[in-house]
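Architecture at a glance
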Amino acid sequence: ASAASESLASALASAAVPPELMAWAQGASEDLRDWASDMADSAAELLPTEIRSALVDARAHVAQLTVALAGKVSVASAALRGALAAAVADFLEQHPEHRAILADRDPVAVLVVLVGFAMVALADCYLCCKLVWRFSLWVAKVLMTASSAPCAICRRCSVRRSTKKVLAPHGATMTTRVAVAGG
């Protein structure tokens, strides 16, 4: 078990892996190893010898998988960092005025900041489009109301409406509308 953690630490140290990722991978490896060890110890009393040996083999297999996963993560991280470093260097050749800010930065951190700015820009664009759409609907509603206003005014001028209370059967009061022509 200690050989697996040493090989994991050496694999992570050889790659350009951020310390946070290295600490997480080592912590996950130790937690997984401790869990497998605890399971094997508690099962030792209850399980037959064949199953106990299978658990020991599984623990060794988990350690090997952890080392292999750490190696793959370090290779992918190194490839990503290399590609991003080349892109940042190309950008700095075209725009040397940004060299003071970006020269010593981690390329992954630069990518994260750029993605954050892009998300904010997309959210602003969406909100502006939504505002323009609602404003155009309001303008259309006002224009429709204004275009139908002469008809409503004309109808109100020609027909005067009044309400009159009339007694209905059984003593209930009803309100009726009576249209009176004229002015």
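As shown above, the structure is provided for reference.
Our subject in this report is the structure included herewith. (Residues numbered from 1 in each chain as written. Predicted model: local features only at pLDDT ≥ 70, side-chain atom pairs only at ≥ 80, totals over all residues. Heavy atoms only, no water.)

Let us look at a nonpolar patch on the surface. There is a patch of nonpolar side chains on the surface, built from L80, L111, V115 and M119 and spanning about 350 Å² of accessible area. At three residues, helix α5 (residues 107–158) tops the list of elements feeding residues into the nonpolar patch. Mapped onto the elements of the fold, V115 is located in helix α5. Take V115: its relative accessible area is 44%, and that puts it in the partly exposed class. (Patch = residues over 30% accessible without salt bridge, like charges linked within 9 Å, V, L, I, M, F, W, Y side chains within 5 Å. Areas by Shrake-Rupley, 256 points an atom, 1.4 Å probe, with all protein chains shown as cover. Salt bridge = Lys/Arg side-chain N within 4 Å of Asp/Glu carboxyl O. Helix = DSSP H or I, 4+ residues; strand = E, 2+ residues; numbered from the N terminus. Buried < 20%, exposed > 50% of the residue type's maximum accessible area, 1.4 Å probe, protein only.)

The subject of this paragraph is the pattern of salt bridges. This structure, assessed with the given rule, holds one salt bridge. Close ionic contact of R81 with D106 constitutes a salt bridge, the shortest N to O distance being 2.4 Å. Here R81 is found in helix α3 (residues 49–94), whereas its partner D106 is found in the loop between α4 (99–102) and α5, with 25 residues between them in sequence. We classify D106 as partly exposed; its relative accessible area is 33%.

Our focus in this paragraph is the side chain of R81. For R81, a relative accessible area of 13% translates into the label buried. At a separation of 2.4 Å, a polar atom in the side chain of R81 contacts the side chain of D106. (Polar contact = N/O pair within 3.5 Å; in protein donor to acceptor, adjacent residues only side chain to side chain.)

Residues E30, D31, D34, D38 and D41 make up a contiguous surface patch of negative charge. With respect to the helices and strands, D38 occurs in helix α2 (residues 19–44). (Lys, Arg positive; Asp, Glu negative; His and termini not counted. Charge placed at Lys NZ, Arg CZ, Asp CG, Glu CD.)

Its 46 residues place the ends of α3 68 Å apart at the C-alpha level, agreeing with the 68 Å of an ideal helix rising 1.5 Å per residue. Residues A63, T66, A70, S74, S77, R81, L84, V88 and L92 constitute the buried set of α3. (Expected span 1.5 Å × (residues − 1).)

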